[in-house]
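Remarks on the overall topology
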Amino acid sequence: MVGPSLSDEEHRIASLQFKIGFVLVVGISAGIIALQAQGSLVQIGVAAVAGTVLGWLLLAYLTHIVPSTGR
């Protein structure tokens with residue numbers, strides 16, 4: 001039988017990096033949408049911050065409903 005290719009520590013780091021990337025992609029995309037709508041600099045910043053918060057909330061929800069891998 002073949003064991004896992006990542007150690008527990010490497011898996012934890014990769015999972016954290018994926019989660020951070022996910023939240024940042026949601027936040028940055030909200031800022032880009034505000035930019036395309038020709039919003040002011042303040043509106044773009046607010047949209048990016050709000051998108052980041054919403055991305056974090058979405059991640060929290062998804063990690064709550066998806067069962068853990070048992071690591």
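Residues numbered from 1 in each chain as written. Predicted model: local features only at pLDDT ≥ 70, side-chain atom pairs only at ≥ 80, totals over all residues. Heavy atoms only, no water.

1. Considerations on helix 1 (residues 8-36)
Between its terminal C-alpha atoms helix 1 stretches 42 Å, which fits the 42 Å expected from 29 residues at 1.5 Å a residue. All of the buried residues along helix 1 are V23, G27, A30, G31 and A34. In this structure, the buried side of helix 1 is in contact with helix 2 (41-65). Backbone geometry just downstream of helix 1 places Q38 in the positive-phi region, at approximately 60°. (Helix = DSSP H or I, 4+ residues; strand = E, 2+ residues; numbered from the N terminus. Expected span 1.5 Å × (residues − 1). Buried < 20%, exposed > 50% of the residue type's maximum accessible area, 1.4 Å probe, protein only. Contact = heavy atoms within 4.5 Å.)

2. Here we look at helix 2
Under the 1.5 Å per step criterion, the end-to-end length of helix 2 is 36 Å for 25 residues, consistent within 8% with the ideal 36 Å. Where helix 2 is concerned, the buried positions are I44, G51, G55 and L59. Against helix 1 lie the buried residues of helix 2.

3. Overview of the environment of W56
Mapped onto the elements, W56 comes out in helix 2. The sequence separation of W56 and L24 amounts to 32 residues, and the corresponding C-alpha distance is 8.9 Å.

4. Observations concerning the UniProt feature "transmembrane region" (unreviewed entry) in the protein chain
UniProt marks residues 16-35 and 41-62 with the feature "transmembrane region" (unreviewed entry), using the numbering shown here. What you have in residues 16-35 is 100% helix and 0% strand, and the ends, taken at the C-alpha atoms, are 29 Å apart. When the span residues 41-62 is considered, its composition is 100% helix and 0% strand, and the gap between its end C-alpha atoms is 31 Å. (UniProt positions renumbered as here; feature names shortened; annotations may be inferred.)

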